[in-house]
Amino acid sequence: MLALRLARGSRPLALARRLLVAVAAGGVGFLLLSGLGWASAHPGDGDQAALRLAWCLVPIAATVQLAVAVARADPAGRPRSGLDTAGLGPARLPVLAAVSTAIAALLGSALALLVFLHLRGDISGLPFDGAASGLLAADRPLPLAAALTLLTIVPAAAAVAAALALRGRATPARQSSPLPPPMPPTPPAPPGMAGATAADSAPGEPPVQVPTGLPWGAALTGAGIAFSGYAGFTERPLSDADGALTLPGALSGLTPGVVAGWLLIATGVIVAAPSLTHLCGRALAFGRPGALRLLAGRVLQSEAERLGHAVGALCVAVAAALAALDLDGPRLFGPLSALGTGIVLICALGTIAATVHESRAARAAATGSLLRVGAPRALIRRAALLRIAALLVLFAPLTWLVFQTLVLPIRA
């Protein structure tokens, strides 16, 4: 009940983010129901049915990532003294976030079931009644228990992930006085080092954590390129007589080694993205930067760990969509494939938007201090545009390189 009250009193932007989670969960639920309908129409082809359900893992992962980002950006999930007094301390806030996320995802799953039944022709009297009866196997009965089980996958996974993401949030500090505690005296710097670390040891400012995933990400990406290239040149594509899972178009020549290499490439890019984002911020603040470059670079460095994974996931999603269009073209890109690709791209963009909102809320005090000392608002806006331009300069060529590495084994 409290989750519903908080949802009803939320701001329109928070409601829009939860609506996006519901739409994504509904799209994934529709894909799962479509795979179930295909399996009921082809009871003797379990391998193909398993493949169709396995391809839904990528939209499920993207939806869960979006749900976690929305839960972290939700103002109701932040520790507050008022909620703590009411009995909703740090131990209860993850439960509240999980319930709110589950409600939004269950709403989307219920809408997906209604749309699926309507397009099958089971619900009549509305426009487009039975418009996709052939695609959704309307001539076969739909197992209700299996459908409900599949529809609970996304809400359960999103709720658990949101609870785990909010579990480690620190409790708000309780101070009887608004003044900060006195700082201990700073020891004198060694000779020749005076003033060298003044900016890094400012009182009250935590040190910027440098992401350490670049070596691991580079190793995973290199291993994926080598693995997929070797498998593409040496492995023989399996045929139907070997029990292979047939795929349309150019993907019919896929081998397990190529798929494993693709997974390694995607994982490596996502792991290395925070370090690349941090390096981008260091490049902006390199040398003798002015106020604009210094502000943009420092913010990008501090938000690299939070923003990098989302940007890396978007990079991989765009590269995979370009690879699919390049290999098969739009004609073999069916409606369900287009729906899955659209879900992944929308979830990646929504995750970045939610992460940016969370970062902006975390920097609200610092932004207010800048405005109080006379910094113009145009400076903050230009710094944000400079950060976006720097990320585009870095990740646009990286997306093109990932796209080329994905299509190289198939072209060979």
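Everything quoted here is computed from the prediction, not taken from an experiment.

Brief notes about a nonpolar patch on the surface
Here is step 1 of the chain: Together, Val-95, Val-99 and Ile-103 line one region of the surface with nonpolar side chains, adding up to about 220 Å² of accessible area.
Here is step 2 of the chain: Judged by its relative accessible area of 38%, Val-99 falls in the partly exposed class.

So, the pattern of salt bridges
Here is step 1 of the chain: Taken as a whole and judged by the stated rule, the model has four salt bridges.
Here is step 2 of the chain: Asp-74 is the salt-bridge partner of Arg-18, the closest N and O atoms lying 2.2 Å from each other. A residue pair is termed long-range when its members are at least 10 positions apart, and Arg-18 in helix H2 (residues 12-41) and Asp-74 in the loop between helix H4 (57-73) and helix H5 (81-85) qualify at 56 residues. Like Arg-18, the residue Asp-74 is buried in the burial classification.
Here is step 3 of the chain: Of the charged contacts, one joins Glu-358 and Arg-72 as a salt bridge, the two residues approaching to 3.2 Å between their closest N and O atoms. Of this pair, Glu-358 sits in helix H13 (residues 335-362) while Arg-72 sits in helix H4, and the two are 286 residues apart along the sequence.
Here is step 4 of the chain: Exposure remark for Glu-358: the relative accessible area of 8% places this residue in the buried category.
Here is step 5 of the chain: We classify Arg-72 as partly exposed; its relative accessible area is 24%.

A few points about the environment of Leu-379
Here is step 1 of the chain: Its location among the elements puts Leu-379 in helix H15 (residues 377-411).
Here is step 2 of the chain: When sequence neighbours within four positions are dropped, the list of residues in contact with Leu-379 reads Ala-291, Leu-292 and Leu-295.

Description of the packing of helix H11 (residues 291-302) against H15
Here is step 1 of the chain: Running from N to C, H11 and H15 point in directions that differ by 60°, and their axes come no closer than 9 Å. Between H11 and H15, the angle is such that the two are oblique. Helix-helix and strand crossings are classified by hand; for H11 and H15 the assignment is right-handed. In contact with Ala-291, Leu-292, Arg-293, Leu-295, Ala-296, Val-299 and Leu-300 of H11, H15 contributes Leu-379, Arg-382, Ala-383, Leu-386, Arg-387 and Leu-391.

Some points on the confidence of the model for the protein chain
Here is step 1 of the chain: Per-residue confidence for the protein chain gives a mean pLDDT of 78, with 73% of residues at or over 70.
Here is step 2 of the chain: The low-confidence segment residues 189-205 (pLDDT under 50) makes four contacts with residues lying over four places distant or belonging to another chain.
Here is step 3 of the chain: Across residues 238-246, confidence stays below pLDDT 50; counting only partners more than four residues off in sequence or on other chains, it has 11 contacts.

A few points about the packing of aromatic side chains
Here is step 1 of the chain: On inspection of all chains with the given rule, the structure shows one aromatic pair.
Here is step 2 of the chain: Aromatic side chains Phe-30 and Phe-116 sit 5.8 Å apart centroid to centroid with 75° between the ring planes, which places their arrangement in the edge-to-face category. Residue Phe-30 is found in helix H2, and its partner Phe-116 is found in helix H6 (residues 93-120); the two are separated by 86 residues along the sequence. Phe-116 shares its class with Phe-30; the two are buried.

Some remarks on H6
An α-helix turns once every 3.6 residues. As a result, residues three or four positions apart point the same way.
Here is step 1 of the chain: In a regular helix each residue adds 1.5 Å, so 28 residues correspond to 40 Å; H6 covers 41 Å between its end C-alpha atoms and thus fits that length.
Here is step 2 of the chain: Two residues or fewer after H6 comes Gly-121, characterised by a positive phi angle close to 100°.

Rules behind the numbers
- Residues numbered from 1 in each chain as written.
- Predicted model: local features only at pLDDT ≥ 70, side-chain atom pairs only at ≥ 80, totals over all residues.
- Heavy atoms only, no water.
- Patch = residues over 30% accessible without salt bridge, like charges linked within 9 Å, V, L, I, M, F, W, Y side chains within 5 Å.
- Areas by Shrake-Rupley, 256 points an atom, 1.4 Å probe, with all protein chains shown as cover.
- Salt bridge = Lys/Arg side-chain N within 4 Å of Asp/Glu carboxyl O.
- Buried < 20%, exposed > 50% of the residue type's maximum accessible area, 1.4 Å probe, protein only.
- Helix = DSSP H or I, 4+ residues; strand = E, 2+ residues; numbered from the N terminus.
- Contact = heavy atoms within 4.5 Å.
- Axes fitted to C-alpha atoms, helices over the stretch in contact; angles between N-to-C directions.
- Parallel < 35°, antiparallel > 145°, perpendicular 65-115°, else oblique.
- Left-handed = near helix turned anticlockwise from the far one by under 90°.
- pLDDT = per-residue confidence, 0-100.
- Phe/Tyr/Trp six-rings, centres within 6.5 Å; stacked < 30°, edge-to-face > 60°.
- Expected span 1.5 Å × (residues − 1).

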